[in-house]
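# Structural overview
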Amino acid sequence: MQQTQQQEALSAEELIAQDVGARLPVGTMSWIIAGLALIWSLFQLWIASPLPFSLGIGVLNDTETRSIHLAFAILLAYLVFPAMRSSPRDRVPLGDIALGLIGAAVASYLFIMYEQLAQRPGNLTTMDFVVACIGIPLLLEAARRALGPALAVIAIVFLAYSLAGPWMPSLLAHRGVSLHALANHQWITTEGVFGIALGVSTSFVFLFVLFGALLERAGAGHYFIQLAFSLLGHLRGGPAKAAVVASALTGVISGSSIANVVTTGTFTIPMMKRVGFSKEKAGAVEVASSVNGQIMPPVMGAAAFLMVEYVGIPYVDIIKHAFLPAAISYIALLYIVHLEALKLGMQPIGNRQPRPWLRRLTGFAFGAALISGLSMAVYYGLGWLKPALGDYALPGISVLLAAAYLGLLKIAASNEPLPSEDPDKPLDELPETRAVLLSGLHFLLPVVVLVWCLMVERLSPGLSAFWGSVMLIIILLTQRPLLNWLRTDGKHDYGSFTDGVVDLREGLIAGARNMIGIGIATATAGIIVGAVSQTGVGLVLADLVEFLSMGNLLLMLLLTALLSLILGMGLPTTANYIVVSSLLAPVIVTLGQQNGLIVPLIAVHLFVFYFGIMADVTPPVGLASFAAAAVSKGDPIKTGITAFYYSLRTAALPFLFIFNTDLLLINVDFAHGVLIFIVATIAMLIFAAATQGYFLVKSRWYESVLLLLVAFTLFRPGFWMDMLHDPYRDAAPAELAQTMGQVEAESTLRLRMEGEDAVGKLRRFTVLLPVPDGASGEDRLTKLGIQTYEQDGKILIDSVTFGSQAAELGLEMDQQILSVKAPTERWAKELMWLPGFLLFGAVIWLQRRRQAR
């Protein structure tokens, strides 16, 4: 069995290498590459652990760790990725070795010369200049090899723009930067290549990618696939539904859509083909579900960790905001697969009869209650135990965790081990759900540790992933001998401790290899971010985009989505997100303010993120589609088009949560959140039925239009309610204090403001002004930190208290208050759901009549 798993892992590695253009050399060089990858993973575990601070050795600052991180990435990029398609794949030419060593040397320059550079900030020596002039081209070449030419070309364009500013057209012109200033900004400081993006790759992303690789090597990926297949395989289109669930579960531990496609697709795609799905549809289902793994908390794609720095909120908050859209998207994909099965007239597999709906709901409710009960017991139990144990809390919790691990291993040893994946096995027999579930419950412990550290202990993402990885290392080293010891009948040999060491080594190597492209992408994207900060091109692009969108926010969002999709044809997800969010996220927020819509920054970044993940789907360059086509033997372009069609639900969600931030659970209580989840899920299922042209029967065009209208009403009930009743009443600017005293505390006023921006340009924008407690309107304004005065019939801001709420909202001295809107009492917007459901009932009636005939 161990040999079979190793062959399957090798096959998956070869498929990934084939799709990303990597080489798999043989002989001594393969051991050198593996050794470098292993050392890189061990280095990242070391700097993430508390050991350097406890032992007082190997303590490095952020700049030094970024420098070493990039040195490993560049060296491995030149060793792993060939220069041309005709370059050898089984060996590494001496030229590539030399370039890799030079690239590693110049990347580690900031680590080697850190003290000297810190003593002369901004004073570029000849050596600094030479290192930068060598490093930037070598990084761009590494990006071309690892990621394709698109990102390297875009970075070169921004470098050229930085130097050629005075000669650019008037709209794009700037004073320009010298070659020395460019070299200093991009390579020697932490504003360019060694900026925030590479810092996130070093601190967070590597540990999470490594966590996923170790969990996959431990056997969790195979466990998730078998569990999904046992749960859903007996339904119509069961293998396709199992593919969706397996990819969702795998997405929890992996941020790579290509790896997700290959690991789950090698089993699920042949199964889907055998029950009637075409090659392209089978591949497209796997692509659509695997790509969505990047938006599935708690372990999302690399871009999610960049969001922590760009938005400035904890990762646990990003998980909270991203959970609802991700869950809705996966549920809708399951429904799309069901509709495809109905269209093709598929029948359930095997003799197992689907349970009645009441029993299904009862079983689901029991399972949810059991999980909730266990979660509460763990949460409150540990909450009581930690103060009780005091300084011995960590050893005590470790003992409890070890006991839970041994108990779950005993349960696993009492059941038959999972069979190896065999796509050619007949589909007349499905694995038993209970046996599959009990055989791998210990794989959930590292995920529990990760989620606990993130959401309860509120540790940093990097430290949380470190403790999760420590738990995984323990499992990898001990599960085989312990299972042999706990298995009393001796029927199965799970392997030895040595096999566990091999698994650990291969998992560490796989994690580092998976990080090469991400490390290179974040460093290269740093060039673009550095050029934006050095030249001020962001303000120019803001004016350009505002001109193209004619001040219309919806058109602005469409342009942003289109730009993301175009860039996605050549950029990986992470680089796509960095480029678009750096250029356009602030513009969308500003334009929203000018249109009277306050768009939270997290909503804008998730909007860009969602369209960025389409990079792996979008033909003609979607790598996940090519990977799926390699498994299905179908046409990669048709696979990509079909996958994009299935992913329309993912493309619709960002537009919806920009205008209805309830979907992101922003300022929403628990009960309201549950209601929103239920209604939004129903709305997305209706949207899926409309786009697929099939509900109870094949839909007529007007029925699809009505279904789209119903879905829109359920998603955005406030759109119709605002037409019936304005949620705000107008008040004169001179009556601001009086109005502030009339409304209830904790409500919100909308102020339309006019004032100069950072470059002296007059602009209009909207501010949502919270109403604090206070005896009078003047008292409330004072608490907010605002004082106003009247001049020539205009109400202007006299002063804003430093650090006050008003200052945080962007209010400044001499800004004019153009209008004040106070909230009014009106019916709840959710009442518009009623006519939406009535219209939905009419569509059901029409289709049932046709179904009966």
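If you check an unreviewed UniProt entry, the protein chain appears there as TRAP transporter, 4TM/12TM fusion protein from Aeromonas dhakensis. Of the protein chain, the UniProt comment under Function (unreviewed entry) reads exactly: "Part of the tripartite ATP-independent periplasmic (TRAP) transport system." Per UniProt, the comment on the protein chain under Subcellular location (unreviewed entry) is "Cell inner membrane".

## Remarks on the overall build of the protein chain
Summing up its helical and strand segments, the protein chain has 37 helices and six strands in all. Expressed as a percentage of the 853 residues in the protein chain, the buried residues total 53%. Long-range pairs, those at least 24 residues apart, make up 76% of the contacts in the protein chain with a sequence separation of at least 6. Entry remark: accessible area of the protein chain is about 37,000 Å², with carbon and sulfur atoms responsible for 65%.

## Concerning the side chain of Asn 184
Assignment of secondary structure puts Asn 184 in helix H10 (residues 179-188). Overall, Asn 184 belongs to the buried group, its relative accessible area being 17%. With sequence-adjacent residues up to four places away left out, Asn 184 is seen in contact with Gly 122, Leu 124 and Thr 189.

## Looking at helix H31 (residues 670-692)
Its 23 residues give H31 an end-to-end C-alpha distance of 33 Å, which sits within 8% of 33 Å, the value for a rise of 1.5 Å per residue. Of the residues flanking the end of H31, it is Gly 693, one or two places downstream, whose phi is positive at about 70 degrees.

## Overview of the environment of Leu 685
With respect to the helices and strands, Leu 685 occurs in helix H31. For the pair Leu 685 and Tyr 335, spaced 350 residues apart in sequence, the C-alpha to C-alpha distance is 6.7 Å. The residues touching Leu 685, leaving out its near neighbours within four places in the chain, are Ile 331, Ala 332 and Tyr 335.

## Overview of helix H17 (residues 315-343)
Turn by turn, an α-helix covers 3.6 residues, leaving residues three or four places apart pointing in a common direction. Compared with the 42 Å implied by 1.5 Å per residue over 29 residues, the 41 Å span of H17 between its first and last C-alpha is a close match. At Ala 322, H17 is bent by approximately 40 degrees, the largest bend along its length, and proline Pro 325 sits one to four residues beyond. The buried count for H17 comes to 21 of 29 residues, which makes it a mostly enclosed element. Of the residues one or two after H17, Gly 345 is the one with positive phi, at around 65 degrees.

## Things to note about the nonpolar core
One finds Trp 40, Leu 70, Leu 139, Trp 187, Ile 520 and Phe 609 to be the most contacted residues of the largest nonpolar core, which totals 226 residues. Other than its neighbours up to four places away in sequence, Leu 70 contacts Ala 107, Leu 139, Trp 187, Val 193, Phe 194, Leu 198, Gly 519 and Ala 523. Listed in part, the 22 residues of the second largest apolar core include Val 743, Leu 749, Leu 751 and Ile 797.

## Some remarks on the packing of aromatic side chains
Within the structure shown, the criterion is met by 19 aromatic pairs. On the numbers, 6.3 Å between centres and 75 degrees between planes, the contact of Tyr 577 with Phe 609 is edge-to-face. With Tyr 577 in helix H26 (residues 573-594) and Phe 609 in helix H27 (residues 601-612), this residue pair connects regions lying 32 residues apart in the sequence. The pair formed by Tyr 577 and Phe 609 is uniform in burial state, with each residue classed as buried. Pairing Phe 712 with Phe 719 gives two aromatic rings, centres 5.3 Å apart and planes at 75 degrees, and the pair type is edge-to-face. Site record: aromatic cluster; members linked through ring pairs are Trp 40, Phe 43, Phe 72 and Phe 206.

## Some points on the packing of helix H22 (residues 461-486) against helix H23 (residues 497-535)
Contact geometry for H22 and H23: axes closest at 7 Å, N-to-C directions at 155 degrees. As judged from the angle between their axes, H22 and H23 are roughly antiparallel. Seen from above, H22 lies across H23 with right-handed handedness. Here H22 contributes Ile 473, Leu 476, Leu 477, Arg 480 and Pro 481 to the contact with H23, which in turn contributes Phe 497, Asp 499, Gly 500, Val 501, Asp 503 and Leu 504. Here the contact of H22 with H23 is built from residues that sort into seven nonpolar, one polar and three charged.

## Re the pattern of salt bridges
Within the structure shown, the criterion is met by 13 salt bridges. Where Arg 120 meets Asp 128, a salt bridge forms, and the shortest distance between an N and an O atom there is 2.4 Å. Each member of the pair, Arg 120 as well as Asp 128, carries the same accessibility label: buried. Here Arg 480 makes a salt bridge to Asp 503, at a shortest N to O gap of 2.8 Å. Here Asp 503 lies in helix H23 and Arg 480 lies in helix H22, a separation of 23 residues in the sequence. Just as Arg 480 is buried, Asp 503 falls in that class too. When salt bridges that share partners are traced, they join Asp 96, Glu 141, Arg 144 and Arg 145 into one network.

## Observations concerning the pairing of strand E6 (residues 816-823)
As a general feature of sheets, a regular strand has side chains that alternate between the two faces. Both strand E1 (residues 728-731) and E6 contribute to a ladder of four bridges, which runs antiparallel. Bridging from a neighbouring strand, Ala 731 pairs with Val 820 of E6. Strand direction decides the pairing type here: strand E2 (residues 748-756) and E6, joined by five bridges, are antiparallel. Residue pairing across strands places Met 753 opposite Ile 817, the latter belonging to E6.

What counts and how
Residues numbered from 1 in each chain as written. Predicted model: local features only at pLDDT ≥ 70, side-chain atom pairs only at ≥ 80, totals over all residues. Heavy atoms only, no water. UniProt positions renumbered as here; feature names shortened; annotations may be inferred. Helix = DSSP H or I, 4+ residues; strand = E, 2+ residues; numbered from the N terminus. Buried < 20%, exposed > 50% of the residue type's maximum accessible area, 1.4 Å probe, protein only. Contact = heavy atoms within 4.5 Å. Areas by Shrake-Rupley, 256 points an atom, 1.4 Å probe, with all protein chains shown as cover. Expected span 1.5 Å × (residues − 1). Bend = angle between axes of the 7 residues up to and from the residue. Core = buried A, V, L, I, M, F, W, Y, C linked by side-chain atoms within 4.5 Å. Phe/Tyr/Trp six-rings, centres within 6.5 Å; stacked < 30°, edge-to-face > 60°. Axes fitted to C-alpha atoms, helices over the stretch in contact; angles between N-to-C directions. Parallel < 35°, antiparallel > 145°, perpendicular 65-115°, else oblique. Left-handed = near helix turned anticlockwise from the far one by under 90°. Nonpolar A, V, L, I, M, F, W, Y, C, P; charged D, E, K, R; others polar. Salt bridge = Lys/Arg side-chain N within 4 Å of Asp/Glu carboxyl O. Pairing = 2+ DSSP bridges.

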